[in-house]
Amino acid sequence: MVVRTPSVSELTSVIDFASARGLHLDLIGCNSILSSLSRSHRYHEAREIYEDMVRRGMVPDFSMMNSMIICYCKLGLLDEANVLMGNLIHMGGHVSVPVYSELVLQLCLNQRLSDAVNLFFVMAAISCFPHLMSFTVLLDQLCRNDNLEDALKVFFAMLDSGARPNFYLFKSLICLLCKKCRFLEAGYMCKKMESFGLFPDQALYTFVIHGFCKMGEMEIATSLFQGMQEIGCRPDIYAYNTLIYGFLNCGDLESAWQFVNQLRKDGLNANVVTYGLLISKYCKLGNVDCALEVFFDMERNDCIPNLHCYTALISALHKENKTEKADQLLDKMLDNGLVPDTTMLMCLLRFCPKGHEPSLALRLLHAATRHGHATQSSMSSKSTCLENPKVEIELLFNEIIRKGVLPADVAFKILINASCAGKKPDLAIHLMDKMINHGCQPDLSTYNTLIKCLLKENRIGEVESLTVAMFARGLVPNVATYTLVIDAHCKNGDLDTALDVFEKMISEGIEPTVATYNCIIGGLCKDKKINEAEAMFKRMRDGGIIPDAVVYTTMINGLSKVGRARKACYLFAEMIDAGLRPSVHTYGAVINGLIKRDMIWEACQYVVSMMNDGFAPDVVLYTMVINQFGRKGEIDLALDFAKQMALNLIKPDLFTFGSLINNISRDIPDRSRLHPLLHDHVIMDKARQMLFSLLCQTVLGSGRVGRTISCRSSVEKIAVALNLMKAVTDCELVPDLHIYNAMIHGFCKSSMMQDAYDLIDSMMVESGIVPNKVTFTILIDGHSRLGELDQAVMLFNWMSTYWFSPDKATYNALLKGFCLVGRPLDALSLVYMMHKRGLSPNRNTFDMLIQCLYLKNYTDCSFRIFTEMLMHGYAPSRKNYNRLICLLCEENKLQHAHEVFDSMLKRGKLPNETTKKLLVDTCYQKGEFQLAFMVEENIPVYEG
């Protein structure tokens, strides 16, 4: 009767009638009722009947479970549906494909993608696949959620099931592959798409072509472009621009122009993007004239330049110091009604002449208030000085607010950034205060900009106050803030504070970036704490931060500077293995370190690799090479490189000249000293010839330049250094204090003290350069070498009273003078003065002091200085060891003599026969036979 009941209402009546009389339905009846209710969309009633049935202890069969999964899906009870589906699968029951498809569909639509994926893979394992609609929705959701791996598995399972993907599915998957930079797979998917008789549309082709252009695979990109044309899909301007972008990005301007001409043949007009790409590329290459020609061609073809075009050109003109042309172009932009946006303004501030940033910001904001009318002010020299910037800013700000040109916070941010770029921190602080008083909240980037500006001015205290103010306003310093502060402390040589800030940053839960680590590592390398730098580099990698090319270069440079060239080469190879491309600075650091260690052949190999990588030797590399050979005393070779540098049309900079003059001056007293090479003289000479030849490979030809400059005697070296001083001005460079000090050093070492003073007079009068601590130390050293202690002491006192506090080098220079003229008591007084200032003599000065005290028979003082020398990690020369032992034996100070003897043995040195005999004889005279035996056998007497 129940089975034959025709309607849902009658079914319900029958169930009620049967229940009232104690009759219960069997499985067949329940299945019939549930199916009828489900078909009538009476899902609530179906659920009630099912749950009542379960309460009565009836076990549902597989058919009933399939029906109820549908009901639960329609009611949105996906947890119940999912549990029931799990039970059904676990029991090995038959899962209806429509039921399975419905559950997958509902899980996807209700953002339960992981459940849908899990169910799909469980069913796929038993070769059960959903309908095409569910496949499509599942794949679409996976692509939208960037779940590429699962999307690919579902896609290929779909193909295995015999389902036919539609165009939309292919497009979603190809776009996701491109988004994940898996362009080769995207190309394969395009081929797969074509095998189903489906073809990418114009937009999809362009998207894939763009991906291959980003990879630099221009051959594949061009092939796809041609394939697009072959199937009758006409490329639009966006497709052409994509290819042009790719060729420009690879540096292939010729091919880029071919496609520019081709698009015109196809009846298309180059648009602002096309021209913008070409202008930007020429500007990056430093070819502003070509960029301007493209700009003018753009105007001739009635294509209006946008802000991007103007920004690239104006910035490039400023970089080449063509300020007048940049001004004219800016005027033109403003006349055409283009008002700069924040991005353009920040870019222009970066490249405009230093000190002009505030006036530029005011000018452009004035233009914004006038909606495209250029102001009368200009960035030329006649208007870059603001007489009263605070008043002008007040008036301008009121105008901006009145006209509603820009939000107040944006206007303030622009002005603060401009003030900081123009090194006007006081104006920036005033603007920050005004911004807060106006009710605007400075954001973190604005605070960071001001902090960076203050740190450059070494105003650390104000940075701390600003940080407190940030916290008070609910802003927490981010990794950029901490990195700025750490970098400033490292550059100031305050590594302890930098490391404290670094640890505080980590304790507050802010993870350092590779840039943060680079600041710390750079500071440690600069301080020659290379072991600590290596430990920090390891800590960075252990923390899961992958080193970039910059931090590798920092480490390589640090290792090279301390003579660890082989470790630097190892890191260089590791960098290449990591897929990072070394820069010209990386190559220069390695080459510099190898030359420093006299590994010239190895340096040649890196020069070859550098050239193969497309880097030509530049002024930095030449200066490094010149400096290294100059430091080795190979002045002739250094001068040869300098001459070849000029022939290669590479203009030397102040560092080049400074290196040459400094090394020539340093070499003056050691002109007769031979400079040892690594192995065989002939081999190393060939190595130097090879290096010279490699660095001379230019269009002008190569080969060794015949030497025309003699630089042997002190007189010749001074003459060469003076000629180099003249060459500095001939190259339109202004000698700095470093160069002047190098020349003064040369005069002092050549005993030409009057010439040194004449140069100082010239330096101060003509160049306005004031002597520094180094200058005074050089002069004191010069007088000390000549025994002119009265002049040296006068300079020392004058320096201490009126100029600078003497440093360790200054004290050592004067100490050596006292020792040379035999004034040990004055020398000891100076040592005492050094101690009061937390300073100590260096090794050579300690040695000279011991010798001076020995010659005056100051036994106790000699031994005390010896003990202090050991405490500072220094050891006397072998000659002074012998002298000290002899002096102590003559004074019958046997215990002290044995202590000196022990120190000598521990450092691998032995006394000469005369000293040893004297020590043994003294032991016998004192009845110390055991001690005498130990001395004869070179056994340390006092192990402690």
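Residues numbered from 1 in each chain as written. Predicted model: local features only at pLDDT ≥ 70, side-chain atom pairs only at ≥ 80, totals over all residues. Heavy atoms only, no water.

## Some thoughts on the overall build of the protein chain
Piece 1. Looking only at helices and strands, one finds 51 helices and zero strands in the protein chain.
Piece 2. In the protein chain, which comprises 944 residues, the proportion classed as buried is 49%.
Piece 3. Considering only contacts within the protein chain whose residues lie at least 6 apart along the sequence, 64% involve residues at least 24 apart.
Piece 4. For the protein chain, the computed accessible surface area is about 45800 Å², with 53% contributed by carbon and sulfur atoms. (Helix = DSSP H or I, 4+ residues; strand = E, 2+ residues; numbered from the N terminus. Buried < 20%, exposed > 50% of the residue type's maximum accessible area, 1.4 Å probe, protein only. Contact = heavy atoms within 4.5 Å. Areas by Shrake-Rupley, 256 points an atom, 1.4 Å probe, with all protein chains shown as cover.)

## Side note on the packing of aromatic side chains
Piece 1. In this structure the tally under the stated criterion is 15 aromatic pairs.
Piece 2. When the ring of F247 is compared with that of F259, the centres are 5.6 Å apart and the planes differ by 20 degrees; the resulting orientation is stacked. Taken together, the residues F247 in helix α14 (residues 237–249) and F259 in helix α15 (residues 253–265) connect sequence positions twelve residues apart.
Piece 3. When its relative accessible area of 13% is taken as the criterion, F259 is described as buried. (Phe/Tyr/Trp six-rings, centres within 6.5 Å; stacked < 30°, edge-to-face > 60°.)

## Focus on the pattern of salt bridges
Piece 1. Evaluation of the coordinates by the stated rule reveals 21 salt bridges.
Piece 2. In this structure, E602 and R566 form a salt bridge, with 3.9 Å as the shortest nitrogen-oxygen distance. Highlighted residues: E602 in helix α34 (residues 600–612) and R566 in helix α32 (residues 565–577), separated in sequence by 36 residues.
Piece 3. Relative accessible area serves as the criterion here: at 25%, E602 is assigned to the partly exposed category.
Piece 4. The exposure class of R566 is exposed, given its relative accessible area of 58%. (Salt bridge = Lys/Arg side-chain N within 4 Å of Asp/Glu carboxyl O.)

## Quick look at helix α25 (residues 444–456)
Piece 1. Between its first and last C-alpha atoms α25 spans 18 Å; for 13 residues at 1.5 Å apiece the expected length is 18 Å, and the two agree.
Piece 2. Within α25, burial applies to L444, T446, Y447, N448, L450, I451, C453, L454 and L455.
Piece 3. As for α25, its buried residues are in contact with α23 (408–421), α24 (425–437), α26 (460–472) and α27 (479–491).
Piece 4. Directly after α25, the chain includes N458, whose backbone phi takes a positive value near 60 degrees. (Expected span 1.5 Å × (residues − 1).)

## Considerations on the nonpolar core
Piece 1. Of all hydrophobic cores here, the largest spans 162 residues; its most connected members are I486, I521 and I591.
Piece 2. Counting residues per element, this core draws most heavily on helix α40 (residues 737–749), which supplies eight residues.
Piece 3. Excluding residues that lie within four positions of it along the chain, I521 makes contacts with A533, M536, F537, V551, T554 and M555. (Core = buried A, V, L, I, M, F, W, Y, C linked by side-chain atoms within 4.5 Å.)

## Details of the confidence of the model for the protein chain
Piece 1. Residues with a pLDDT of 70 or more make up 77% of the protein chain, whose mean pLDDT is 76.
Piece 2. Mean pLDDT across the elements of the protein chain ranges from a minimum in helix α38 (residues 681–694), with 59, to a maximum in helix α31 (residues 549–561), with 92.
Piece 3. Segment residues 670–684: pLDDT under 50, and 20 contacts once partners within four positions in sequence are set aside and those in other chains are kept.
Piece 4. Contacts from residues 698–708, a stretch scored under 50 in pLDDT, to residues over four places away or in other chains number 26 contacts. (pLDDT = per-residue confidence, 0-100.)

## A word on a positive patch on the surface
Piece 1. Taken together, the side chains of K528, K561, K596, R631 and R666 make up a positively charged region of the molecular surface.
Piece 2. Residue K528 is classed as exposed on the basis of its relative accessible area, which comes to 63%. (Patch = residues over 30% accessible without salt bridge, like charges linked within 9 Å, V, L, I, M, F, W, Y side chains within 5 Å. Lys, Arg positive; Asp, Glu negative; His and termini not counted. Charge placed at Lys NZ, Arg CZ, Asp CG, Glu CD.)

## Side note on the side chain of T516
Piece 1. Position of T516 among the secondary structure elements: in helix α29 (residues 514–526).
Piece 2. For T516, a relative accessible area of 0% puts it in the buried group.
Piece 3. Not counting the four nearest positions on each side in its chain, T516 is found in contact with V479, T483, I486, F502 and M505.

## Let's talk about α32
Piece 1. Here α32 is 13 residues long and its end C-alpha atoms lie 19 Å apart, about the 18 Å a rise of 1.5 Å per residue gives.
Piece 2. When we look at burial in α32, the residues that qualify are A565, A568, C569, L571, F572, E574 and M575.
Piece 3. Against the buried residues of α32 lie α30 (530–542), α31, α33 (584–596) and α34.
Piece 4. After α32 finishes, the residue G579 shows a positive phi value of roughly 85 degrees.

## Re the side chain of D236
Piece 1. Mapped onto the secondary structure, D236 falls in the loop between α13 (218–230) and α14.
Piece 2. Polar side-chain contacts of D236 include one of 3.0 Å to the backbone nitrogen of A239.
Piece 3. In this structure D236 touches Q202, T206 and L268, once residues within four positions along its chain are discounted. (Polar contact = N/O pair within 3.5 Å; in protein donor to acceptor, adjacent residues only side chain to side chain.)

## Digging into the packing of α31 against α33
Piece 1. Viewed as axis vectors pointing N to C, α31 and α33 meet at an angle of 15 degrees, and their least axial separation amounts to 8 Å. Considered as vectors, α31 and α33 are oriented roughly parallel to each other. Crossing angle aside, the handedness with which α31 passes α33 is left-handed. Where α31 abuts α33, its residues T553, I556, N557, S560 and K561 lie against H585, T586, A589, V590, G593 and K596.
Piece 2. For the contact of α31 with α33, the class distribution of residues is three nonpolar, six polar and two charged. (Axes fitted to C-alpha atoms, helices over the stretch in contact; angles between N-to-C directions. Parallel < 35°, antiparallel > 145°, perpendicular 65-115°, else oblique. Left-handed = near helix turned anticlockwise from the far one by under 90°. Nonpolar A, V, L, I, M, F, W, Y, C, P; charged D, E, K, R; others polar.)

## Section: the state of the cysteines
Piece 1. In the structure shown here, the tally under the stated rule is zero disulfides.
Piece 2. Among the cysteines around C309, which has no disulfide bond, C303 carries the closest sulfur, lying 7.4 Å off. (Disulfide = S-S within 2.5 Å.)

## Some thoughts on the packing of helix α36 (residues 635–647) against helix α37 (residues 654–667)
Piece 1. The contact between α36 and α37 brings their axes to 11 Å, and the two run at 160 degrees. In terms of orientation, α36 and α37 fall into the roughly antiparallel class. Our pair here, α36 against α37, has a crossing hand that is left-handed. Where α36 abuts α37, its residues I635, A638, L639, A642 and M645 lie against T656, L660, N663, I664 and D667.
Piece 2. Partitioned by chemical class, the residues of the contact of α36 with α37 number seven nonpolar, two polar and one charged.

## Some remarks on unusual backbone geometry
Piece 1. Positive phi, close to 55 degrees, is recorded for D302, a residue that is not glycine.
Piece 2. Tracing the backbone shows D302 in the loop between α17 (288–300) and α18 (307–319).
Piece 3. Take D302: its relative accessible area is 70%, and that puts it in the exposed class.

## Description of the environment of R541
Piece 1. Its location among the elements puts R541 in helix α30.
Piece 2. Overall, the relative accessible area of 36% leaves R541 in the partly exposed class.
Piece 3. Contacts of R541, omitting those with residues within four sequence positions, involve P547, Y552 and E574.
Piece 4. A distance of 2.3 Å separates a polar atom in the side chain of R541 from a polar atom in the side chain of E574.

## With respect to the environment of T810
Piece 1. Note on placement: T810 falls in helix α44 (residues 808–820).
Piece 2. For T810 and T777, which are 33 residues apart along the polypeptide, the C-alpha to C-alpha distance reads 4.9 Å.
Piece 3. Beyond its immediate chain neighbours, meaning those up to four positions away, T810 contacts K773, T777, I780, F796 and M799.
Piece 4. A distance of 2.7 Å separates polar atoms of two side chains, one belonging to T810 and the other to T777.

## Some words on the environment of A813
Piece 1. Inspection of the secondary structure puts A813 in helix α44.
Piece 2. Taking the C-alpha atoms as reference points, A813 and H783, separated by 30 residues in sequence, lie 9.4 Å from one another.
Piece 3. When sequence neighbours within four positions are dropped, the list of residues in contact with A813 reads T777, I780, D781 and S784.

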